[in-house]
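Chain by chain, the residues run as shown.
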Amino acid sequence: MLPPTALPRRTFAIIAHPDAGKTTLTEKLLLSGGAIRQAGEVKARGDARRARSDWMEIERARGISVTSSVMTFQRGGIAFNLLDTPGHQDFSEDTYRTLTAVDSAVMVIDAAKGIESQTRKLFEVCRLRDIPIITFVNKVDREALDSFALMDEISSTLALDTSPMLWPIGSGLQFRGLYDLRRPALLLSGADGTAAFSRRVELSGIDDPKLEQYLREDDLAAFRESAALALEGCPEPDAESYREGHLTPVFFGSALREFGVAELLDALADMAPGPRPQPADPAPIPPEAPETTGFVFKVQANMDPNHRDRIAFLRVCSGKFRRGMRLTPVRTGKSMAVTQPIFFFAQERELAEEAEPGDIIGIPNHGTLRVGDTLTETSSMRITGLPDFAPEILRAVRLADPIKAKQLRKGLSDLAEEGVVQVLRPVLGSDWVVGVVGKLQLDVLESRLKAEYGVAARLENMGAELARWVGGPADEVAKFVARNRGDIAEDRDGAPVFLAPNRWRLNRAAEDFPALIFAATRERS
């Protein structure tokens with residue numbers, strides 16, 4: 001059974017700027033954990049080598065991740081739940097919601113580029129949720145920035161102490177391997193000249209004479225000088241400081257060539273926290289609480305094109321889940337028997353007989369569950385911290401074939417539940433309005449409507465630039481809605497949304513109705 005319930009849990013996400021190597025690292029971690037036999041490099045030729053954690057057609061075509069993949073595996077007596085998040089900024093909402101379900105994160109940085117804009121944004125989300133971070137500096141086998149300069153950038157930009165764990169010996173064409181600073185050893189490629197990591201040579205330290213057998217004199221002298229400085233000038237890895245968010249262990253490596261991947265997994269097992277308390281109303285939920293609780297952080301429709309399935313991803317927060325038990329979504333108050341829960345490995349699935357805090361399980365359903373739902377056995381507590389964000393791009397949906405109106409409604413409803421788009425219904429007019437954070441989401445919407453629902457739709461510009469939820473005293477809200485009916489829409493819960501033509505109109509509305517709140521975020525109910 002996977003995973004055995006007696007094993008400790010490590011539930012973590014991988015975050016990165018696009019093209020830093022996040023999906024490659026994900027697959028190499030799975031390979032190291034024995035979950036797959038062959039990783040498929042993103043953009044490789046042929047279906048047999050397509051990235052195994054990127055399953056959606058548009059992901060395969062563009063070589064990027066646009067949804068969060070959930071994968072479970074075990075290694076060394078630890079059950080790992082790995083969540084691979086979208087790196088593209090247009091899908092930051094999905095990433096944010098995914099980060100509510102993890103206890104730690106691995107931040108991937110391109111050794112040639114350092115910290116990039118999306119990396120910084122994702123780090124700030126982790127900091128808001130007190131998620132500890134391990135850093136993996138990827139692609140050191142290519143031309144790279146100076147190792148000390150990279151650590152200085154992490155330290156100054158993110159206000160974190162850096163503790164190097166693996167140290168590179170050269171870079172680019174001069175890359176010779178890695179040195180394990182904490183468990184002295186040399187990590188080398190194959191003796192037959194193959195590029196991938198294949199050997200670990202145990203050593204007594206950086207002065208071990210055995211190093212002379214593997215490194216040239218000039219490489220050895222430069223390595224010993226830099227490694228000594230790293231050991232003397234940087235703090236020791238301290239698990240408590242890392243878990244409190246003050247320090248990040250730094251692993252230099254190459255995901256593609258599998259340098260540093262096994263050592264990264266070892267650090268997650270040894271240092272990363274297990275299940276943590278979840279913020280909730282009226283009080284946080286500790287993992288040791290006896291009642292089974294969890295929350296839905298993601299919904300995905302049509303993961304398998306052969307089956308029109310709909311899966312809710314549930315993070316188990318407390319208690320012990322057993323297949324067949326009845327849980328109640330607090331939002332509806334109607335209990336449901338969870339008879340076919342599943343564990344994930346990308347597109348492969350396994351029936352989940354039991355699950356414990358930290359586990360991610362999938363619950364097949366027909367629209368009963370949605371993102372933000374709290375599931376409990378008996379209580380009415382509600383897990384918090386899963387907001388909707390106001391869209392930054394608004395488009396009117398026009399159908400090429402009016403006969404497909406029913407399929408369009410179904411497709412928009414499903415994709416809104418997943419968080420691909422937000423769907424709004426104007427008070428006046430019959431067209432649907434979709435809102436997104438970035439333009440790539442519009443491409444995904446059009447692609448999936450056509451591929452999964454057989455709907456050809458045009459997304460056209462409209463007269464609104466900004467969307468804000470309207471809140472406040474009921475009589476004031478009603479007055480505002482009545483006065484601005486042409487610019488009002490309703491979200492999926494029927495909450496009023498002001499579609500402002502421009503920033504000036506939004507500011508004027510706030511002046512004219514000081515008792516109202518025009519909110520850019522709204523807690524999922």
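All residue numbers here refer to positions counted from 1 along the written sequence of the relevant chain. Residue-level local features of this predicted model are given only where pLDDT is at least 70; pairs of side-chain atoms are given and counted only at 80 or more, and the full residue set underlies all totals for whole chains, interfaces and linings. Hydrogens are left out, water is left out, and the side-chain values use all remaining heavy atoms of the structure.

Re the overall build of the protein
Segments assigned H or I by DSSP are reported as helices when at least four residues long, segments assigned E as strands when at least two residues long, and all are numbered from the N terminus. The secondary structure content of the protein amounts to 12 helices and 32 strands. Accessibility here uses a 1.4 Å probe with only protein chains present; expressed as a share of the type maximum, an area under 20% marks a residue as buried, one over 50% as exposed, and anything in between as partly exposed. Residues classed as buried in the protein amount to 57% of the 525 residues present. Here, two residues are considered to be in contact whenever any of their heavy atoms come within 4.5 Å of each other. For the protein, the proportion of contacts with a sequence separation of at least 24, taken over those separated by at least 6, is 71%. Each accessible area is a Shrake-Rupley result for a 1.4 Å probe, and residues are judged covered by the shown protein chains and nothing else. Accessible surface, the protein: about 21,700 Å² in total, of which carbon and sulfur atoms supply 49%.

Details of the pattern of salt bridges
Between side chains of opposite charge, a pair can form when the charged atoms approach closely. Just to be clear on terms, a salt bridge is a Lys or Arg side-chain nitrogen sitting within 4 Å of an Asp or Glu carboxyl oxygen. Using the criterion set out here, one finds 34 salt bridges in the structure. For Asp373, the salt bridge identified is with Arg331, shortest N-O distance 2.7 Å. Taken together, the positions of Asp373 in the loop between β20 (360–364) and β21 (374–376) and Arg331 in the loop between β15 (326–329) and β16 (336–337) put the pair 42 residues apart, joining distant regions of the chain. Take Asp373: its relative accessible area is 1%, and that puts it in the buried class. Overlapping salt bridges, with partners in common, bring together Arg75, Asp180, Arg183, Arg200, Glu202, Glu263 and Asp266 in one network.

Topic: the packing of helix α1 (residues 22–32) against helix α8 (residues 261–271)
Between N-to-C directions, angles span 0 to 180 degrees; the directions come from axes that are lines fitted to C-alpha atoms, helices contributing only their stretch in contact. Interhelical geometry of α1 versus α8 gives an angle of 80° and a closest axis separation of 9 Å. Relative to α8, α1 is oriented roughly perpendicular. Between α1 and α8, the contacting residues are Leu25, Lys28, Leu29 and Ser32 on the first element and Val261, Ala262, Leu264 and Leu265 on the second. For this classification, Asp, Glu, Lys and Arg are treated as charged, while Ala, Val, Leu, Ile, Met, Phe, Trp, Tyr, Cys and Pro are nonpolar and the rest, including Gly, are polar. When its residues are assigned to classes, the contact of α1 with α8 shows six nonpolar, one polar and one charged. Under this scheme an angle from 65 to 115 degrees is roughly perpendicular, one under 35 degrees roughly parallel, and one over 145 degrees roughly antiparallel; angles in between are oblique.

A look at the packing of aromatic side chains
Here a pair means two rings of Phe, Tyr or Trp (six-membered ring of Trp) with centres within 6.5 Å. Their orientation is stacked below 30 degrees between planes, edge-to-face above 60, and tilted elsewhere. Under the counting rule described, the total for this entry stands at 14 aromatic pairs. Ring centres 5.4 Å apart and planes at 75° place the aromatic pair Trp167 and Phe252 in the edge-to-face group. Here Trp167 is found in strand β6 (residues 161–169), whereas its partner Phe252 is found in strand β10 (residues 247–252), with 85 residues between them in sequence. Overall, the relative accessible area of 0% leaves Phe252 in the buried class. Three or more aromatic residues joined by ring pairs form one cluster here, namely Phe480, Phe498, Phe513 and Phe518.

A closer look at the environment of Glu258
Position of Glu258 among the secondary structure elements: in the loop between β10 and α8. Once the C-alpha coordinates of Glu258 and Leu31 are considered, the two residues, 227 residues apart in sequence, prove to be 9.4 Å apart. Setting aside its immediate chain neighbours within four residues, Glu258 contacts Lys28, Leu31 and Phe197.

Observations concerning the sheet that holds strand β24 (residues 393–399)
By definition, the strands of a sheet pair up through backbone hydrogen bonds, in either a parallel or an antiparallel sense. Read from one edge to the other, the open sheet built from eight strands follows the order β27-β24-β26-β25-β29-β30-β28-β31, with strand pairing classed as antiparallel. Both outer strands of the open sheet, β27 (457–460) and β31 (517–519), are each paired with one neighbouring strand and no more. Shown here is a sheet whose adjacent strand axes are inclined to one another by a mean of 40°, direction ignored. Strands pair, by our definition, only if DSSP identifies at least two bridges between them. Where β24 meets β27, four bridges bridge the pair, whose relative direction is antiparallel. When the bridges of β27 are listed, Arg398 appears paired with Arg458. Helix-sheet contacts for helix α9 (residues 405–418) involve β24, β25 (422–426) and β26 (433–436), and the interaxial angle to β24 is about 155°. Packed on one face of the sheet, helix α10 (residues 439–453) meets β24, β26 and β27 and runs near 160° to β27.

Quick notes on the side chain of Glu263
With respect to the helices and strands, Glu263 occurs in helix α8. A relative accessible area of 7% means that Glu263 is categorised as buried.

Section: the side chain of Thr119
Examined against the element boundaries, Thr119 turns out to sit in helix α4 (residues 117–128). Exposure remark for Thr119: the relative accessible area of 3% places this residue in the buried category. A distance of 3.5 Å separates a polar side-chain atom of Thr119 from the backbone nitrogen of His17. When neighbours within four sequence positions are excluded, Thr119 is seen to be in contact with Ala16, His17, Met107 and Ile109. Here a polar contact means two N or O atoms within 3.5 Å. Within protein one must be a hydrogen donor candidate and the other an acceptor candidate, and residues neighboring in sequence count only if both atoms are side-chain atoms.

A few points about α10
Over its 15 residues, α10 extends 21 Å from the first C-alpha to the last, a length consistent with the 21 Å expected when each residue adds 1.5 Å. Within α10, the full set of buried residues consists of Leu440, Gln441, Leu442, Val444, Leu445, Arg448, Leu449, Glu452 and Tyr453. Expected helix span is given by 1.5 Å per residue-to-residue step, counting one fewer step than there are residues.

Keep in mind these values describe shape, not function.
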